[in-house]
Amino acid sequence: MLKQRIITAVILAPLTIFAIFYLPLDQFAALFMAVMAIGAWEWGPLMGFANKRRRLAFVCATIILISALWYALPLLQLWSIDGQLHSGVSLVLWIAVAWWILSATLTFLYPRYSKFWSSHRSIRGVFGWLTLIPTWLAFMVLRSNDYNQDPYNGAQLIMFLFLMVWSADVGAYFVGKSIGKHKLLPNVSPGKTLEGFIGGVVCACIFISIAGYSLGWQQHQFTLALIVTAIITTVSVLGDLNESMFKRQAGIKDSGAILPGHGGILDRIDSLTATAPVYALCYALLGWQ
């Protein structure tokens, strides 16, 4: 399994980096909408949809909602001239933050209250939209930042997010495997440990510090970046646990099989669905470049 994960990552990582840096903004938006559509397809079984037509209907509804958001908020107008987020964008991202606070509550209390939301497919569908749609918007917010002056600035922001999440995943995996003893949330994900969580946060902070040193950051930039890194890596665990909770309730091991060694798209982006809206807001409110 580890070998498959590595091979898939080696193939996927360069393609992802190329898309982030070199696709025009509208093509990047379309590509990422396609990724969210696959995520919506994989969300179908989490809603109890065995029928492909119902899953396809959920995918179509998700695409329509993202397209409506795309039409209402032109990509190059997500940021104002003075560097402020469009009020509508901020509202959607704050709604996402509220959802993840609710998600954290449901996750920590699981399986208490699970009977209510699991017995209503419409509620699980709304949970899916609250997970996927703000993720698309957050990536567009990051990618479009200062796009006219520097088309690569937003790509660098996204790569910092990936560096945080990926390094935290790697650190959590190896630390958890080697010294992990205390279970984090055994009712949701028995394999995750408190030691792995701490190791992931520390690993991400180390990698961000190395990146900041190579870029010649000032002291205040290091301070803000490390604070944001600690926040993002903590939230990334929530995204992982959230999907684990929905899969456990639905009796599913993996969300899909499109990525050998990784499962489905949702299994690969679960941390990003939680972190992207929070990261976009952190950058809009704090900034550190």
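Residues numbered from 1 in each chain as written. Predicted model: local features only at pLDDT ≥ 70, side-chain atom pairs only at ≥ 80, totals over all residues. Heavy atoms only, no water.

Trainee: Could you clarify how one ought to interpret the environment of arginine 248 in this entry?
Mentor: As for its position among the elements, arginine 248 is in helix H9 (residues 219-250). You can call arginine 248 partly exposed: its relative accessible area is 41%. When the C-alpha positions of arginine 248 and proline 111 are compared, they lie 9.9 Å apart, and in sequence the two are 137 residues distant. Apart from the residues within four sequence positions on either side, arginine 248 is in contact with Tyr110, Asn187, Val188 and Pro190. (Helix = DSSP H or I, 4+ residues; strand = E, 2+ residues; numbered from the N terminus. Buried < 20%, exposed > 50% of the residue type's maximum accessible area, 1.4 Å probe, protein only. Contact = heavy atoms within 4.5 Å.)

Trainee: Even after reading the chapter, I still don't get the pattern of salt bridges, so can you show me in this structure?
Mentor: The full count for this structure, using the stated rule, is four salt bridges. One salt bridge in this structure joins glutamate 243 and lysine 247, with 3.9 Å as the shortest N-O distance. Of this pair, glutamate 243 and lysine 247 both sit in helix H9, four residues apart, which is roughly one turn of the helix. Owing to a relative accessible area of 11%, lysine 247 belongs among the buried residues under this scheme. A cluster of three or more residues bridged by salt bridges with shared partners is formed by Glu243, Lys247 and Asp267. (Salt bridge = Lys/Arg side-chain N within 4 Å of Asp/Glu carboxyl O.)

Trainee: Any chance you could explain the pairing of strand S2 (residues 189-193) here in plain terms?
Mentor: Sheet analysis places strand S1 (residues 183-185) next to S2, joined by two bridges and oriented antiparallel. For lysine 183, the partnering residue across the bridge sits in S2 and is threonine 193. Counting the residues between successive antiparallel strands, the hairpin from S1 to S2 contains three residues. (Pairing = 2+ DSSP bridges.)

Trainee: Would you mind showing me how to read the environment of serine 255 here?
Mentor: Among the structural elements, serine 255 can be located in the loop between H9 and helix H10 (265-285). On the basis of relative accessibility, which here comes to 8%, the residue serine 255 falls in the buried class. In this structure, the C-alpha to C-alpha distance between serine 255 and tryptophan 43, residues 212 residues apart in sequence, is 7.4 Å. With near-sequence residues (within four places) excluded, serine 255 lies in contact with Glu42, Glu243, Lys247, Gly264, Ile265, Leu266 and Asp267.

Trainee: Please clarify how the environment of cysteine 203 should be interpreted in this entry.
Mentor: In this fold, cysteine 203 is placed in helix H8 (residues 194-215). On the basis of relative accessibility, which here comes to 16%, the residue cysteine 203 falls in the buried class. Spatially, the C-alpha atom of cysteine 203 lies 28 Å from that of isoleucine 258, the residues being 55 residues apart in sequence. Cysteine 203 has contacts with Ser167 and Gly171, leaving out every residue within four places of it along the chain.

Trainee: Looking at this structure, how should I read the nonpolar core?
Mentor: In terms of nonpolar packing, the biggest core is built from 83 residues, with Leu78, Trp136, Leu137, Phe139, Met140, Leu161 and Tyr279 touching the most fellow members. Take this core: its biggest share by element is 12 residues, from H10. (Core = buried A, V, L, I, M, F, W, Y, C linked by side-chain atoms within 4.5 Å.)

Trainee: I tried to follow helix H2 (residues 25-46) on my own but got confused; where do I start?
Mentor: Every α-helix winds through 3.6 residues per turn, so residues three or four apart in the chain are directed the same way. Across its 22 residues, H2 extends 31 Å between first and last C-alpha, which sits within 8% of the 32 Å expected from 1.5 Å per residue. Among the residues trailing H2, glycine 48 stands out with phi positive, at a value near 90°. (Expected span 1.5 Å × (residues − 1).)

Trainee: Please clarify how the side chain of threonine 131 should be interpreted in this entry.
Mentor: Counting through the fold element by element, threonine 131 comes out in helix H6 (residues 121-144). Using a relative accessible area of 3% as the deciding quantity, one classes threonine 131 as buried. Engagement of the side chain of threonine 131 in a polar contact is seen with the backbone oxygen of phenylalanine 127, the distance being 2.8 Å. (Polar contact = N/O pair within 3.5 Å; in protein donor to acceptor, adjacent residues only side chain to side chain.)

Everything listed here is a matter of geometry and, on its own, says nothing about what the molecule does.
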